[in-house]
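# Architecture at a glance
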Amino acid sequence: MGELIVAIALVVLSILIYTQTDDLPSMNESQLDAGSFPQFVAILLGGLSLILAIKQIIVLVKARQQNSETSIKEQLLYIVKEHQLVFITLALLFLYILAIQILGFILSSIIFMIITALVIGPRTKKSIVTVSSIAVILTLSLYFFFQNVLQVRFPTGIFF
């Protein structure tokens, strides 16, 4: 059931990616523009996700015929319990996306990496220090590389 939900979400994501890449500016008058590669990836992602969704529907129909005694509520509780870490990570990802606009790239990325590592990994004093230092170094390195070398601007938020 979880794979079916992910497959449907990826189909929706691929549709969003495909529709949003039409707005990318074109550098020259060639057949391929800035949105061509993302559109190709979106089509590939959508097709493969659709195949996964169909496969999972077939598996669920066969399993439903064999296990008709368990209720939907029990199945949903099992899915939530089994994939709890995935749901928490997705919630953190959506909060990160919102936080980028408010706090800016640097601060929200550091906070996101530290919290996600603490949720997923061990919570010892050594791991907290290691994760924090990696988060700061990686975020600042990526920020300065993209800002200075590639001339890509990140959201600054209210602090910077």
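The structure presented is a predicted model; accordingly, all values stated were derived computationally and were not measured. (Residues numbered from 1 in each chain as written. Predicted model: local features only at pLDDT ≥ 70, side-chain atom pairs only at ≥ 80, totals over all residues. Heavy atoms only, no water.)

### Let's talk about helix α6 (residues 125-149)
With 25 residues, α6 ought to run about 36 Å at 1.5 Å a step, and its terminal C-alpha atoms sit 35 Å apart, in line with that. If you check which residues of α6 are buried, you get S127, A135, T139, Y143 and Q147. Looking at the buried residues of α6, the elements they touch are α5 (105-120). Immediately downstream of α6, the backbone of Q151 shows phi near 60°, a positive value. (Helix = DSSP H or I, 4+ residues; strand = E, 2+ residues; numbered from the N terminus. Expected span 1.5 Å × (residues − 1). Buried < 20%, exposed > 50% of the residue type's maximum accessible area, 1.4 Å probe, protein only. Contact = heavy atoms within 4.5 Å.)

### A short note on the nonpolar core
Inside soluble globular proteins, nonpolar side chains tend to come together where they are buried. Among the nonpolar cores identified, the biggest contains 8 residues, and these are Y96, I100, F105, I106, I110, I114, A135 and Y143. Contributing elements (two or more residues each) for this core: α4 (84-103), α5 and α6. Here the element with the most residues in this core is α5; it accounts for 4 residues. Leave out the neighbours within four places in its chain, and I114 touches V131, S132 and A135. (Core = buried A, V, L, I, M, F, W, Y, C linked by side-chain atoms within 4.5 Å.)

### Quick notes on the UniProt feature "transmembrane region" (unreviewed entry) in the chain
Residues given the UniProt feature "transmembrane region" (unreviewed entry) here are residues 37-55, 76-96, 102-121 and 128-146. Secondary structure over residues 37-55 splits into 100% helix and 0% strand, and the C-alpha atoms at its two ends are 27 Å apart. In this annotation, residues 102-121 is assigned 90% helix and 0% strand; the end-to-end C-alpha distance for the span is 27 Å. (UniProt positions renumbered as here; feature names shortened; annotations may be inferred.)

### Focus: the packing of aromatic side chains
Scanning the entire structure with this criterion turns up 7 aromatic pairs. Ring geometry for F105 against F154: centres 4.2 Å apart, planes inclined by 15°, an arrangement best described as stacked. Pair noted here: F105 is in helix α5 and F154 is in the segment after α6, with a separation of 49 residues, a long-range link. F105 gets classed as buried once you look at its relative accessible area, which sits at 12%. We classify F154 as partly exposed; its relative accessible area is 21%. Here Y143 and F144 contribute two aromatic rings whose centre-to-centre distance is 5.5 Å and whose plane-to-plane angle is 75°, an arrangement assigned as edge-to-face. With relative accessibility at 15%, the residue Y143 sits in the buried group. Through pairs of rings, three or more aromatic residues link up here, namely F105, Y143, F144, F145, F146 and F154. (Phe/Tyr/Trp six-rings, centres within 6.5 Å; stacked < 30°, edge-to-face > 60°.)

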